[in-house]
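# Examining the three-dimensional arrangement
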Amino acid sequence: MTQFDRRNISMMMDFYEMTMANGYFGGENTNTRVAFDVFYRRNPDNGGFAIFAGLREVVEYVENMRFAADDIEYLRRQNLFSEDFLRYLADFRFKGDIYAFPEGTIMYPDEPILTVVAPLIDAQLVETAILAQINHQSLIATKARRIVRAAQNRAVSDFGARRAHNMDAATYGARAAYIGGVVGTATVSAGQIWNIPVSGTMAHSWVMFYGDEFAAFARYAKVYPDACVLLVDTYDVLESGIPNAIRTAKEILEPLGKRLKGIRIDSGDLAYLSKKVRKMLDAAGLNDCKIIASNSLDEFTIASLLAQGACIDSFGVGERLITAKSEPVFGAVYKLAAVEEKGTFSPRIKVSENVEKITNPGLKDVYRIYDESGHAVADLLASFNEKVDLRHSFRYVDPEKPWKNRAFPENYTAKNLRQLFVKDGKRTRELPELTDIRAFVQKQLDGGEIWEEEQRFENPHRHYLDMTPDYYELKMSLLHETRKQHGENL
């Protein structure tokens, strides 16, 4: 097998999903439906929020989930699975429902961002693939937004493909970074698939190949007179690179009626060099020439550069974006929330000595609560299809301080964040284009819906996840019942 062979990503799962499915097949009613929630417990980098990404890939995965003859034969060779089960897999199609936040929704810990309601085996087999897409893309989208925010309205481009964990991570990472707010990518595959703007000029090898820096610049300017950006740090930025860039602008481009679009600095003291370069370019009449910086940048280095007065117009960000280097694990999990019994979903709860690992049971809805100005003040967990009417004062429970009497004032509004995207294995609605998802993120964060205080890097304001009184009582009663059944020490 080579990397160019056709892959069946339906097989991208943890092996225990298959062993559990085989076990259920032999002893349970496989038509029994269950509900699994996807949620995460902590925002990356101690931030105030995260961005939900990867939903399109989840929908496409479940729609196309199949097991081919060679997949069945591989599983047969494991000597663990019954022939009846393997025949079942040969005809397998996902028959479940998926409820989720719209892609690009600003999200917070412990709320069910996606729920699979499906026959038992169907729900079990999709676990790893769903988590892989959501964990990766949500992580990169969130990191990208932090970097874009640090850049203070300067353009940020994704330069990370060569440092990504593999080719898929580079491609899907570019998609997620675009959702998070970067203006484009250097990754051609991502540009081709999703129409993300692509950009790229030269590497140091271009300059080194020609030997003479001016000759290299002149050749590039003649080939690309309308899009000439020169990499000026191959030898010496101030003594060689910028003088040769200015010479190229004057001797090659200006006689053609063209302007030097920009220069890029990829090493050295970027704050110091950019200020010196700006003066040199301005003195040469190249006030419109942009200065682009790259080299192991992230939100922290960018914020520091701008605080030092760096004269940088845009940033190319690579490894620390595409790998989310400061916190490379998102941590979303997939937990059983309910099991259908006699036509009704009975809630299930996971109990742990760590309070943060106790799950929120049952089928539920998530409402975002807005004040009169349209600011999101909290999210609210409610039982599935429970009525939430905020036309009058509405009592809620803060699960960390349940003894306090809390209520949302009248004239607040509530929006159910979750929508049905897949029914019986088929999508129920058109999925938005990538540019629309990106604009949706920007509208929430820059349009005043999400508090500015939640977006700061240091000690962001915490967005509260409250519960309706009925849902809180359901959770507490289930905890009490579970303690009685399994031991008072739970």
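Note: the structure precedes this text.
Here's what I pulled together on the structure shown here. Note that the structure is a prediction, hence the values are computed from the model and not measured.

So, on to the side chain of Q444. Mapped onto the secondary structure, Q444 falls in helix α15 (residues 434-446). The contacts of Q444, once residues within four sequence positions are left out, are G104, T105, I106, R368, E449 and I450.

Turning our attention to the packing of aromatic side chains. The final tally for this structure, using the stated rule, is 18 aromatic pairs. With a centroid separation of 5.8 Å and 75° between ring planes, the pair formed by Y99 and F384 is classed as edge-to-face. Placement of the pair is Y99 in strand β3 (residues 97-100) and F384 in the loop between β15 (376-383) and β16 (394-396), with a sequence separation of 285 residues. Measuring from ring centre to ring centre gives 4.8 Å for Y220 and Y224, while their planes differ by 45°; the resulting arrangement is tilted. We classify Y220 as buried; its relative accessible area is 4%. Relative accessible area serves as the criterion here: at 42%, Y224 is assigned to the partly exposed category. Here the aromatic residues F15, F25, F67, F81, F85, Y88 and F92 are joined through ring pairs into a cluster of three or more. Seen from the ring of F214, R247 lies directly overhead, with NZ or CZ sitting 3.6 Å from the centre.

Let us look at unusual backbone geometry. One non-glycine residue with positive phi stands out, namely N385, at about 65°. Its place among the elements puts N385 in the loop between β15 and β16. Its identity is not glycine, yet N411 carries a phi of approximately 75°, on the positive side.

Here we take up the sheet that holds strand β14 (residues 364-370). Across the sheet, four strands lie side by side as β18-β14-β15-β21; this open sheet has mixed pairing. Of all the strands in the sheet, the pair left with one neighbour each is β18 (413-416) and β21 (464-467). If you compare each strand with its neighbour and ignore which way they point, the axes differ by 30° on average. Note: β14 against β18, four bridges, orientation antiparallel. Residue pairing across strands places Y370 opposite T413, the latter belonging to β18.

Reading guide: rules and limits
Residues numbered from 1 in each chain as written. Predicted model: local features only at pLDDT ≥ 70, side-chain atom pairs only at ≥ 80, totals over all residues. Heavy atoms only, no water. Helix = DSSP H or I, 4+ residues; strand = E, 2+ residues; numbered from the N terminus. Contact = heavy atoms within 4.5 Å. Phe/Tyr/Trp six-rings, centres within 6.5 Å; stacked < 30°, edge-to-face > 60°. Buried < 20%, exposed > 50% of the residue type's maximum accessible area, 1.4 Å probe, protein only. Lys NZ or Arg CZ within 6 Å of the ring centre and 35° of its normal. Pairing = 2+ DSSP bridges. Axes fitted to C-alpha atoms, helices over the stretch in contact; angles between N-to-C directions.

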